[in-house]
Amino acid sequence: MTPGRPRVGLVLGAGGVLGAAWLQGALAALVDETGWDPGGAERVVGTSAGSVIGALLACGVPPWYMVAHSRGESFDGLLDAAGDRASDVPRSAGGGYSLERALPRPGPGSWRLALGALREPRRLPPAAVLAGWIPRGFISTQPIQDVVRAACSSDWAPHPGLRVVACDYASGRRVVFGASQAPAARLHEAVAASCAIPGFYVPPRIGGRTYVDGGLWSVSNLDLLAREELDLVICLNPTSSRDAAGTLPGRVLRAQAGRRLGHEAKRVRASGAEVVLVQPLAEDLEVMGENLMAGRRRHAVIERARQTTAWQLRDLRGTLAGLPEGEAPFTRRPAGRPGGWPRFEDSARRRFAA
């Protein structure tokens with residue numbers, strides 16, 4: 001890394017409810033092992049589950065708090081961005097499910113995407129080619145939106161470098177909300193779009209267009225940082241692994257995700273940045289299982305990820321040695337009672353205003 005304050009990018013990949021849990025544990029380990037504040041990265045790229053956790057980081061919610069909140073700890077007197085009790089925010093980080101109040105639509109979810117992919121199948125990733133044929137989902141994204149609203153009272157996060165990745169449901173093309181050329185969207189809308197798995201969630205509409213899960217394009221979208229002139233990029237990717245563990249279908253999907261991740265990492269390294277890839281180990285996969293939407297194992301996944309990520313980061317101390325030390329409340333609990341702490345969003349706004 002260059003001398004002085006390095007320019008660092010953070011990439012948080014897709015992975016469903018348990019992928020989000022793994023990311024929370026991995027981020028807590030990253031802070032513990034380096035003292036760095038990941039919410040202060042120059043760019044934060046979030047896809048699907050990673051967009052939820054990235055949005056929370058970008059709004060000042062620190063990893064130590066995410067872990068403690070998931071564990072069931074209460075912070076009496078601490079308020080969320082809406083002025084409500086922070087401890088009342090669902091501890092599943094948007095992993096609760098409720099049916100959409102509308103009848104499901106039969107047939108392909110997007111005729112335009114389905115037929116367009118037939119005409120030009122090579123212009124889209126395989127997952128996006130198939131997505132148009134899958135019927136529309138019936139689960140509401142409202143729980144996801146509620147968690148984001150509790151962290152962000154404004155249209156967008158205080159962090160100007162947050163990027164939320166979704167796919168246009170008509171064309172299958174990648175859309176990067178928060179980037180200068182992207183359609184206007186409020187943060188909770190963009191995150192809901194990034195998480196909208198075809199066939200499961202109802203796809204949100206933003207500005208007259210419909211969007212679905214950004215993981216259809218890439219589970220990491222790491223390549224977005226290839227032109228950002230960064231010194232270091234840290235990618236936490238829940239859906240790939242260097243370990244061959246689990247059932248055959250799971251191993252195949254993780255291997256495919258790993259190949260795409262490796263290709264994207266090469267592009268970023270070619271731009272001059274160092275790239276650190278952190279992925280679940282066999283120990284993580286044992287706890288996560290194959291159903292990444294099964295929320296009952298959330299906290300067990302968090303705790304295992306803290307352990308396995310720490311193992312991986314200790315082998316990378318030389319690469320991470322230049323990371324600057326973070327401050328409370330972003331890397332550790334502030335002094336005093338929670339009722340006397342500023343809202344996390346307010347702390348984030350002061351940081352980026354400075």
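Residues numbered from 1 in each chain as written. Predicted model: local features only at pLDDT ≥ 70, side-chain atom pairs only at ≥ 80, totals over all residues. Heavy atoms only, no water.

## Concerning the environment of P198
So, step 1. On the secondary structure map, P198 appears in the loop between α7 (187-195) and β5 (205-206).
So, step 2. Residue classification places P198 among the buried residues on the basis of a relative accessible area of 15%.
So, step 3. As a C-alpha pair, P198 and R122 span 76 residues in sequence and 20 Å in three-dimensional space. (Helix = DSSP H or I, 4+ residues; strand = E, 2+ residues; numbered from the N terminus. Buried < 20%, exposed > 50% of the residue type's maximum accessible area, 1.4 Å probe, protein only.)

## Regarding unusual backbone geometry
So, step 1. At the junction of A328 and P329, the peptide bond is cis and its omega measures out at 5 degrees in the coordinates.
So, step 2. Checked against the element boundaries, P329 lands in the loop between α11 (317-320) and α12 (344-353).
So, step 3. Phi angles above zero are rare outside glycine, and N221 is one such case at about 55 degrees.
So, step 4. Positive phi is not limited to glycine here, since E229 has a value of about 55 degrees.
So, step 5. Tracing the backbone shows E229 in the loop between β6 (209-213) and β7 (232-236).

## Digging into the nonpolar core
So, step 1. Within the largest apolar cluster, 76 residues are counted, with the highest numbers of intra-cluster contacts made by W22, F177, L187, V191, I234 and L236.
So, step 2. If one sorts the elements of this core by residue count, helix α1 (residues 16-34) sits on top with ten residues. (Core = buried A, V, L, I, M, F, W, Y, C linked by side-chain atoms within 4.5 Å.)

## A short note on the pattern of salt bridges
Pairing between side chains of opposite charge can happen when the charged atoms of each approach one another.
So, step 1. Within the structure shown, the criterion is met by 18 salt bridges.
So, step 2. Put simply, D37 and R351 hold a salt bridge, and the shortest N to O gap is 2.1 Å. Residue D37 is located in the loop between α1 and β2 (43-47), and its partner R351 is located in helix α12; the two are separated by 314 residues in the primary sequence.
So, step 3. Take R351: its relative accessible area is 22%, and that puts it in the partly exposed class.
So, step 4. A salt bridge links D88 to R85; its shortest N-O distance comes to 3.1 Å.
So, step 5. Given the relative accessible area of 51%, D88 is considered exposed.
So, step 6. A residue is classified by how much of its surface remains accessible, and R85, at 45% relative accessible area, is partly exposed.
So, step 7. Sharing partners across several salt bridges, the network here consists of E33, R314 and R317. (Salt bridge = Lys/Arg side-chain N within 4 Å of Asp/Glu carboxyl O.)

## Details of the packing of aromatic side chains
So, step 1. This model, assessed by the stated rule, comprises ten aromatic pairs.
So, step 2. Consider the rings of W64 and Y65, whose centres lie 6.0 Å apart with planes at 85 degrees: the pair is edge-to-face. Note on accessibility: W64 and Y65 belong to one class, buried.
So, step 3. For the ring pair F200 and Y201, a centre distance of 4.9 Å and an interplane angle of 90 degrees mean the geometry is edge-to-face.
So, step 4. We classify F200 as partly exposed; its relative accessible area is 22%.
So, step 5. The structure contains a cluster of three or more aromatic residues connected by ring pairs, namely W64, Y65, F75, W341 and F344. (Phe/Tyr/Trp six-rings, centres within 6.5 Å; stacked < 30°, edge-to-face > 60°.)

## Thoughts on helix α10 (residues 298-314)
Each α-helix turn comprises 3.6 residues. Residues three or four places apart therefore point the same way.
So, step 1. For α10, built from 17 residues, the straight-helix expectation of 24 Å at 1.5 Å per residue is met to within 8% by its first-to-last C-alpha distance of 24 Å.
So, step 2. Those residues of α10 not exposed but buried are R298, V301, I302, A305, T308, T309, A310, Q312 and L313.
So, step 3. Against the buried residues of α10 lie α1, α3 (63-71), β8 (274-278), α9 (282-288) and α11. (Expected span 1.5 Å × (residues − 1). Contact = heavy atoms within 4.5 Å.)

## Description of the environment of T319
So, step 1. Examined against the element boundaries, T319 turns out to sit in helix α11.
So, step 2. Distance from T319 to L115, taken between C-alpha atoms, is 47 Å for residues 204 residues apart in sequence.

## Observations concerning the side chain of T141
So, step 1. Residue placement: T141 occurs in the loop between α5 (126-131) and α6 (142-151).
So, step 2. Judged by its relative accessible area of 6%, T141 is buried.
So, step 3. At a separation of 3.0 Å, a polar atom in the side chain of T141 contacts the side chain of Q145. (Polar contact = N/O pair within 3.5 Å; in protein donor to acceptor, adjacent residues only side chain to side chain.)

## Let's talk about the environment of I53
So, step 1. Assignment of secondary structure puts I53 in helix α2 (residues 49-58).
So, step 2. In this structure, the C-alpha to C-alpha distance between I53 and R251, residues 198 residues apart in sequence, is 25 Å.
So, step 3. If near-sequence neighbours (up to four positions away) are discounted, I53 is found in contact with L12, A20, L23, Q24, L27 and M66.

## What to know about the packing of α1 against α3
So, step 1. Interhelical geometry of α1 versus α3 gives an angle of 135 degrees and a closest axis separation of 8 Å. Considered as vectors, α1 and α3 are oriented oblique to each other. Between α1 and α3 lies a crossing of left-handed hand. Residues Q24, L27, A28 and V31 of α1 lie in contact with α3, whose contacting residues are P63, M66 and V67. (Axes fitted to C-alpha atoms, helices over the stretch in contact; angles between N-to-C directions. Parallel < 35°, antiparallel > 145°, perpendicular 65-115°, else oblique. Left-handed = near helix turned anticlockwise from the far one by under 90°.)

## Some words on the pairing of β2
So, step 1. Within β2, five of the five residues are buried, which leaves the element mostly enclosed by the surrounding structure.
So, step 2. With burial as the criterion, each face of β2 is covered, one bearing R43, V45 and T47 and the other bearing V44 and G46.
So, step 3. Across four bridges, strand β1 (residues 8-12) lies against β2 in parallel orientation. Directly across from L12, in β2, lies its bridge partner G46.
So, step 4. Tracing the backbone out of β1, into α1 and back to the parallel element β2 gives a crossover that is right-handed.
So, step 5. One ladder, built from four bridges, connects β2 with strand β3 (residues 162-168); its direction is parallel. By the bridge assignment for β3, T47 is matched with V165. (Pairing = 2+ DSSP bridges. Right-handed = clockwise from strand over helix to strand, strands pointing away.)

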